[in-house]
Amino acid sequence: MKVVTLRSDALAESEPLSGKPASAMIHIDRVSQRFQTSGRQSHLALSDISLTIDDGAFVSILGPSGCGKSTLLYIVGGFVSPSDGVARVKGKAITGPGPDRGPVFQEFALFPWKNVLGNVMYGLRQQGVKHSEAEAKSRKLLEMVGLKGYENFYPKELSGGMKQRVAIARTLAYNPAVLLMDEPFGALDAHTRTRLQNDLLNIWERDRKTVLFVTHSVEEAVFLSDKVVVMTRSPGRIKVVVDIDLPRPRKRAELLLDARYQKYVVDIEKLIDDTGEDEIHA
Amino acid sequence: MITPRALLQKSAPLLACIGLLCAWQVASLLLNTESFPTALEAIRAVPSILGDKESLVNIGASIRRMAIGLSLAVVFAIPLGLLMGRIKGVASFFNPLLMVIYPVPKAALMPIIMLWLGVGDVSKTLVIFLGVSLPIIYHSFQGGKAVEEKMLWSGAAMGLSSAQRMFRIVLPAALPEILTGCRTGLVLALITMVTSEMIARQSGAGNILFNALDMAQYDTVFAMIMIIGALGIFLDAAFEKLRGSLVRWSKPQHDIPLSFS
Amino acid sequence: MSATVNKALLGITPIALFIALWQSLISFGYAPVTLLPPPGAVFLRLGQQLFTSDFLHEIAATLFRLFAGFAIAVVLGVVIGLAAAISPAINAVVKPVVRVLAPIPKVALYPALLLILGFDHASKITLVAADALFPILLSTYYGASMVEQKLIWSAMAAGTPRAQILFKVVLPAAMPSILTGCRIGLVISCIVVFLAEMITSTDGLGHMLVQAARTFQTVDMFVPLITISMLGLILNSLLHGLRTYLLRGFPEV
């Protein structure tokens, strides 16, 4: 495996478990994922992935489609159990989904039978929060994501961008320590996408949750993240981890003109192109 | 090379048949009444029905009426359904009428139609035709409506006339849905056939059933039920084979007929 | 607004034409009144009978059997369909059995039901339930097995225990499909209850038709037919209202 280091140290080969820093939120230890395809054949989607994500870090996973980046996120979510290796959150092995890790999917996955308020309240009610309290908190969250006045709408009545705002509010409601975002803005048009990126960044800079963010947009990853994990395809491996050393709070208008930002984008795009070639020659 | 798992999967319906027959056998032994023969007794009575020339002619006539009624319905209902699907005016013209006659049991028209057309083949075939048409119209309508508009635009751009578009684009595109309707129609044709014969009580498979009931030949009743049931299962399986080869490009949505009316 | 009016007018036209054709067949002497009673006479008789206790008794008998059979079919269909969708073991048993039983014309079982359950309500209710069961069971099964994985994941991540996923996510998400099955099942119930009453019964709308046919009272033959058609329409629109309410959040199909 070729490890390219840009400015900062690569995190791909993470330190052994015992020496794990206290601030590690997620620790992925030699995880592999094999899927049964037809008959006795199997497909290796992820191969020997090790990665540590610090508490409060915004980490993006980038890679060509089919590189298993979503699968990695599902493993951290506890939705899929790995064929090999262990994923830990706060030092505890992940055995299933839990409210400490909140997912946001590209498909929104809102409950169509509940209105906007009902969707956001769902997790709180599930945690045993009283109805009135859950409602007050959900209304506040909806205001924060810019959906005040839409409480009684049903998801089908909202645009894609608004649906995703509801989905983000629904997940933030039960206050997970980690946000797992699976190409959350992939289904949105360019304009909506930009606005949601800005808003997500604003929300995140307020409470600095740990975020694992899967995307195939290099600009999006660089704009949002502290670290960008670049993966190769078939089988999915970590090619390099790039530290994004840009000041925060980030302002889109300033960043787009910033030569450092531009260089990150160009360098990472080159890396991804290389992984494409690897795949052809493999 | 067939794996044991695949073999089990292939033979599952057969195992289900055997299981159901066993359940029947046990139930009848437990109930132990004269009017509920065991599965074995009923199976033993099957050859005597199929060996009897008159019964065979009766059943054959039933199947012929069913085939004619179903074919007529297919010829009439598919074009109507597709037109309804493609032309809004046609749809709003026919939909309310169809909604009114939908919940009318078609076999219940038997006594009235018999008054007009007598007890012969014409009445029974007409009833089957009426019973089968509605689901085929409905599914053809749905199929025609769902045809992608852009596919038709592409066709028009290639110079197809509207009639050509109907035959070369709408018909094949709607075919999976149409065939779903035909499958429902097939099951329904059998139901209507048996019911109309039960009501008219003059000839056919349904008549054999009720004659045996009247004469307290209980094993014949159950044997006849098995024959009709087997006919239903066989026709459905045969149709599935046909459909599989006709619309190989379309994923089978349901492996069991979903709607029955 | 005027578009809906136009559409409604267009829709009433064939029904009006149908009745006009019916009337003209008699007026122009193509059909003797003894074979085809004029529509006016039929609707008049229906209006006269509608509030007689005898007629209401027949309707009540039919409705009782219809609802009892339909209710059994809904409960069994939804329970078995959900169970088959979530448990591979149950699925392995249910699927082949349904595959065998679904294409059998259930009405052929009616003589057997008469022999086992007698000539009273039980055999008719069972026949209705047997016929309405399969569309409800199958659409529940398909609806429940096609619930989007990510809805379930979202609920689990929000802290829903595995045991509650069935009621909190799978059942509501499969509701559109279940209600489609129920609509089909309801129409089938209408049809089957009428047919069963025609074949053997001492009361009910189907029995009225057979009674009238025996005595060649053509007007009285049409009355139960129109009544069952109206009942079907009313029940269907009630179910449609329920559906619109329950599925208010779901996108139109």
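Residues numbered from 1 in each chain as written. Chains lettered and ligands numbered in written order. Predicted model: local features only at pLDDT ≥ 70, side-chain atom pairs only at ≥ 80, totals over all residues. Heavy atoms only, no water.

(A) Looking closely at the sheet that holds strand β4 (residues 84-89) of chain A. Residue and element names in this part refer to chain A. In space, the 4 strands of this open sheet follow the order β2-β1-β4-β5, with antiparallel pairing throughout. Since the sheet does not close on itself, it has two edges, and those belong to β2 (42-54) and β5 (92-93), each with one partner. Of the strand pairs in this sheet, strand β1 (residues 24-36) and β4 are connected by 5 bridges, and their pairing is antiparallel. Counterpart to isoleucine 28 in the pairing with β4 is alanine 87. Relative to β1, helix α1 (residues 69-77) is tilted by about 120°, and along the sheet it contacts β1, β2 and β4. (Pairing = 2+ DSSP bridges. Helix = DSSP H or I, 4+ residues; strand = E, 2+ residues; numbered from the N terminus. Contact = heavy atoms within 4.5 Å. Axes fitted to C-alpha atoms, helices over the stretch in contact; angles between N-to-C directions.)

(B) Looking closely at the sheet that holds strand β10 (residues 237-243) of chain A. Residues and elements named next belong to chain A. The 6 strands are arranged β6-β7-β8-β3-β9-β10 in an open sheet whose pairing can be described as mixed. Among the strands making up the open sheet, the edge pair consists of β6 (101-105) and β10. Across the sheet, the axes of successive neighbouring strands diverge by a mean angle of 20°, strand direction being ignored. Where strand β9 (residues 227-232) lies against β10, 6 bridges are found, and the strand directions are antiparallel. Its bridge partner lying in β10, lysine 227 is registered against aspartate 243. Contacts from helix α5 (residues 190-207) reach β3 (58-62), β7 (178-182) and β8 (210-215) within the one sheet, and its direction differs from that of β8 by about 165°.

(C) Focus on the pattern of salt bridges. Per the counting criterion, the structure on display carries 22 salt bridges over all chains. The closest approach of N and O atoms between arginine 139 of chain A and glutamate 151 of chain A, which form a salt bridge, is 3.9 Å. One end of the pair, arginine 139 of chain A, is in helix α3 (residues 131-144); the other, glutamate 151 of chain A, is in the loop between α3 and α4 (160-173), with 12 residues separating them in the sequence. Taking the relative accessible area as the measure of exposure, glutamate 151 of chain A reaches 9% and is therefore buried. Here aspartate 121 of chain B makes a salt bridge to arginine 64 of chain B, at a shortest N to O gap of 2.7 Å. (Salt bridge = Lys/Arg side-chain N within 4 Å of Asp/Glu carboxyl O. Buried < 20%, exposed > 50% of the residue type's maximum accessible area, 1.4 Å probe, protein only.)

(D) The arrangement of the confidence of the model for chain B in detail. Looking at chain B as a whole, the pLDDT averages 84, with 95% of positions reaching at least 70. Low confidence marks residues 255-261 of chain B, where pLDDT is under 50. Its contacts with residues over four positions away, or in another chain, come to 36 contacts. (pLDDT = per-residue confidence, 0-100.)

(E) Highlighting empty space enclosed by the protein. Using the criterion set out here, one finds 6 cavities of 30 Å³ or more in the structure. Computed from the structure, the largest cavity encloses a volume of approximately 270 Å³. In terms of lining, the largest cavity is formed by 22 residues, of which the most central are Leu188, Ile191 and Thr192 of chain B together with Ile191 and Leu195 of chain C. Going through the elements one at a time, α6 (121-145) and α8 (162-200) of chain B together with α6 (121-145) and α8 (162-199) of chain C are the ones with two or more residues in the lining of the largest cavity. Broken down by element, the lining of the largest cavity gets its largest block of residues, 5 residues, from α8 of chain C. Taken together, the residues of the lining of the largest cavity break down into 16 nonpolar, 4 polar and 2 charged. (1 Å grid on protein atoms, 1.4 Å probe; cavity = no way out; pocket = protein on both sides within 12 Å on 5 of 7 lines; lining within 4 Å. Points joined across faces, edges and corners; volume = space filled by probe spheres on them. Nonpolar A, V, L, I, M, F, W, Y, C, P; charged D, E, K, R; others polar.)

(F) Structural detail: the packing of helix α2 (residues 116-126) of chain A against α4 of chain A. Residues and elements named next belong to chain A. It is at 7 Å that the axes of α2 and α4 come closest, and there the two elements cross at 25°. Relative to α4, the element α2 is oriented roughly parallel. Crossing hand, α2 versus α4: right-handed. Residues Val116, Asn119, Val120 and Leu124 of α2 touch α4, and the partners they reach there are Val166, Ala169, Arg170 and Ala173. The class makeup of the residues in the contact of α2 with α4 is 6 nonpolar, 1 polar and 1 charged. (Parallel < 35°, antiparallel > 145°, perpendicular 65-115°, else oblique. Left-handed = near helix turned anticlockwise from the far one by under 90°.)

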